[in-house]
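Listed below, chain by chain, are the residues.
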Amino acid sequence: MEQQRIKIGSHMIGEGEPVYIVAEMSANHLQDYDRAEAIIRAAKEAGADAVKLQTYTADTITMDCDNEYFQITQGTIWDGTTFYKLYQEAFTPWEWQPKLMKLANDLGMDCFSSPFDFTAVDFMEEMKMPAYKIASFEIRDIPLIRKIARLGKPVIMATGIAYLEDIERAVRVCREEGNEQIILLKCTSTYPSPYEDMNVKVIPHMAEVFDCMTGLSDHSMGSAVAVASVALGARMVEKHFTLSRADGGPDAAFSMEPAEFKRMVEEIRIVEKALGRVTYRLTEKQERSREEGRSLFVTQDMKAGEVFTSDNLRSIRPAFGMAPMYYEEALGKKARCDISRGTPMEWKFVE
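Residues numbered from 1 in each chain as written. Predicted model: local features only at pLDDT ≥ 70, side-chain atom pairs only at ≥ 80, totals over all residues. Heavy atoms only, no water.

(A) How the structure looks around the overall build of the chain. Each helix and strand in the chain was counted, giving twelve helices and 13 strands. Taken over C-alpha atoms, the radius of gyration comes to 30 Å for the chain, far larger than the 20 Å a tight globule of 351 residues would show. The principal-axis extent of the C-alpha atoms belonging to the chain is close to 100 × 45 × 40 Å. Split into buried and exposed, the 351 residues of the chain put 47% on the buried side. Counting only contacts in the chain whose residues sit at least 6 apart along the sequence, the fraction spanning at least 24 positions is 65%. (Helix = DSSP H or I, 4+ residues; strand = E, 2+ residues; numbered from the N terminus. Rg over C-alpha atoms; globule rule 2.2 N^0.38 Å. Buried < 20%, exposed > 50% of the residue type's maximum accessible area, 1.4 Å probe, protein only. Contact = heavy atoms within 4.5 Å.)

(B) Structural context of the environment of Arg-175. Tracing the sequence through the fold places Arg-175 in helix α7 (residues 164-176). Between the alpha carbons of Arg-175 and Arg-150 there is a distance of 9.6 Å; along the sequence they are 25 residues apart. Ignoring anything within four residues of it in the chain, the contact list for Arg-175 reads Glu-180, Ile-182, Phe-210, Asp-211 and Cys-212.

(C) Up close: unusual backbone geometry. The step from Tyr-191 to Pro-192 runs through a cis peptide bond, and the omega angle for that step is -5 degrees. Residue placement: Pro-192 occurs in the loop between β8 (182-187) and α8 (202-210). Residue Pro-318 is bonded to the preceding Arg-317 through a cis peptide linkage, with omega at 5 degrees. A positive phi angle is found at Ser-26, which is not glycine, with a value near 50 degrees. Despite not being glycine, Asp-211 shows a phi value in the positive range, around 50 degrees. Inspection of the secondary structure puts Asp-211 in the loop between α8 and β9 (213-218).

(D) Structural detail: the environment of His-11. Secondary-structure assignment places His-11 in strand β2 (residues 11-14). His-11 sits in the buried class, given a relative accessible area of 18%. Along the sequence, His-11 and Pro-98 sit 87 residues apart, while their C-alpha atoms lie 20 Å from each other. A polar side-chain atom of His-11 sits 2.8 Å from a polar atom in the side chain of Asp-110. (Polar contact = N/O pair within 3.5 Å; in protein donor to acceptor, adjacent residues only side chain to side chain.)

(E) Quick peek at the sheet that holds strand β11 (residues 295-298). In spatial order, the strands read β12-β11-β13; together these three strands make up an open sheet with antiparallel pairing. Whereas interior strands pair on both sides, the edge strands pair on one side only; in this sheet they are β12 (313-316) and β13 (343-344). Judged from the two bridges that link them, β11 and β13 form a sheet pairing that is antiparallel. When the bridges of β13 are listed, Phe-297 appears paired with Pro-344. (Pairing = 2+ DSSP bridges.)

(F) The nonpolar core, seen in detail. The biggest cluster of nonpolar side chains holds 66 residues, and the ones touching the most others in it are Met-157, Leu-184 and Phe-261. The element that contributes the greatest number of residues to this core is helix α1 (residues 33-45), accounting for six residues. Contact partners of Leu-184, with chain neighbours within four places excluded, come to Met-157, Ile-167, Val-171, Met-206, Phe-210, Cys-212, Met-213, Thr-214 and Gly-215. Counting residues in each nonpolar core, the second largest holds 13 residues, with Ile-6, Ala-131, Ile-156 and Met-213 among its members. (Core = buried A, V, L, I, M, F, W, Y, C linked by side-chain atoms within 4.5 Å.)

Structure, rendered in structure tokens:
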């Protein structure tokens, strides 16, 4: 895969760049605009690079119908209600979104959204949002993906309900429209996601198979999976964000609180530093540490002509003498001169 870099808003994403960390607001505003602003401010304080919204209404994403097909019965935390009622509670009012985007930008964060129909895409274009996120459940909506790809902006696609052929189709459509700015996010569409279902090894595999950037959209609890994904090559990490899970709401159960998010960001930044690059060169400090290793020392006073034996020549710390690899070669040879106990061994002492 060629080293690719993608620009979203004020941030560059890719090899050699910091992992792009996104706070997903989703429904955690609880239909309170002031709370939505507070979430964005808290996300900035916690170290997020971007905040993500969702752009739909109950009527643009589903229909108001109570028959069996529209009852939520998939074994989720939302079972017992209808799709329409859930989305009425969860949607982010469209009139808020330009103001929320401006706030995020003023704080130095990017702001983008997930559109769920053509009207949402048009609305986001009016706002000049810098990127589009295809939600897991929309990855099979090829007309929507094609419309978005044609805009020439980064397309971030979650793969939570996708088979391999679904991902292939979505990526192909983007490329047919001349859009190579693709980021695929490994996602597990259960809420919260069990750790054993996360399969983050898919992240480097997707990068290889689809020759594009990859990341993680994480619905598991805690930060362990997100941090691990960075070690596997994730260039973007997205987590749901709320002020407090105790406040409730459709997404609260699997959302991170500010202190948790901040700790995750700190751990990701540590992992980034630790990953470094492939090198066998030693730092100046490591070179100094080599002095603490083993080497050959004369461990008894010796007279000229005396033979080196296992009693008077040993491999010990520190490392100021000859390398231990020469031990057997030196044994049995004679000392050229008198040598004091504790002298680092050198070839010049050998006849």
